[in-house]
Amino acid sequence: YAQKFVIEELTGRHIDIEEFVKVAEENGWFSESGGTPFLNMCKMIDAYKLEHTMSFHCTIQDIENCLNNGGKVIVSLDANEIWYGEDDNLFSPFSNANHAVQVIAIDRTDLSSLVVVLNDSGHENGKGSMIPMDVFLGAWEDGNCQMIECYKKIS
């Protein structure tokens, strides 16, 4: 879903989720049981011919720079931390991330309590969900602060 959100926003095209999933499954980039492995998270973005870069050990400033330059951001994180406050670290020796979300903003309205604004398909109230910065950072660190920057392809 995070890829779908970003692709729709950058292309202006509506994407049928069932067709989207079918293409990803047929190519081995997604499975219902395992989701999308983080190394396959750019495959559908490639299929729609968008510019992107996947990086690890990123910072909040990296996210803000991308957003300020008209890009879209997808990150991997431990959803249990943002949904339930749990830090279980059960998923992988390389990454404890179990979910991808789109970061749509960093809200600096109240400098004493910064908030990260997400589009999170895994939560019923996930569109525009506001996560305290410290909670987001803890969950994002479990994904090695992975970030995918996405931009419209310039012809």
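Before any of the text, the structure's been laid out above.
What counts, and at which threshold
Residues numbered from 1 in each chain as written. Predicted model: local features only at pLDDT ≥ 70, side-chain atom pairs only at ≥ 80, totals over all residues. Heavy atoms only, no water. Helix = DSSP H or I, 4+ residues; strand = E, 2+ residues; numbered from the N terminus. Buried < 20%, exposed > 50% of the residue type's maximum accessible area, 1.4 Å probe, protein only. Salt bridge = Lys/Arg side-chain N within 4 Å of Asp/Glu carboxyl O. Pairing = 2+ DSSP bridges.

Chemist: So what exactly am I meant to see when it comes to the environment of Ser113 here?
Modeler: Looking at the secondary structure, you find Ser113 in the loop between strand S3 (99–107) and strand S4 (115–119). The partly exposed category is assigned to Ser113, whose relative accessible area is 39%. Note: C-alpha distance between Ser113 and Ile17 (96 residues apart in sequence) is 35 Å.

Chemist: Would you take a moment to explain the pattern of salt bridges for this structure?
Modeler: Two side chains bearing opposite charge may form a pair once their charged atoms approach each other closely. In this structure the tally under the stated criterion is three salt bridges. Measuring nitrogen to oxygen at the nearest pair gives 2.8 Å for the salt bridge that ties Glu8 to Lys4. Residue Glu8 and its partner Lys4 are located together in helix H1 (residues 2–11), separated by four residues, close to a single helical turn. Each member of the pair, Glu8 as well as Lys4, is classed as buried.

Chemist: I'm lost on the pairing of strand S6 (residues 147–151) in this one. Help?
Modeler: A regular strand places its side chains so that they alternate between the two faces of the sheet. The pairing of strand S1 (residues 51–55) with S6 spans five bridges and is antiparallel. Residue pairing in the sheet places Thr53 in a bridge with Glu149 of S6. Bridge analysis of strand S2 (residues 72–77) against S6 gives four bridges, and the strand direction is antiparallel. Counterpart to Val73 in the pairing with S6 is Glu149.

Chemist: Before we go on, may I ask you to explain the pairing of S4 in this structure?
Modeler: Here S4 lies mainly inside the structure; five of its five residues are buried. Judged by which residues are buried, S4 turns out to be covered on both faces: Val115, Val117 and Asn119 on one side and Val116 and Leu118 on the other are all buried. The pairing of S3 with S4 spans five bridges and is antiparallel. Paired with Gln102 across the strands is Asn119, a residue of S4. Examined bridge by bridge, S4 and strand S5 (residues 127–132) share five bridges and lie antiparallel to one another. When the sheet's bridge partners are listed, Leu118 is paired in S5 with Ser129.

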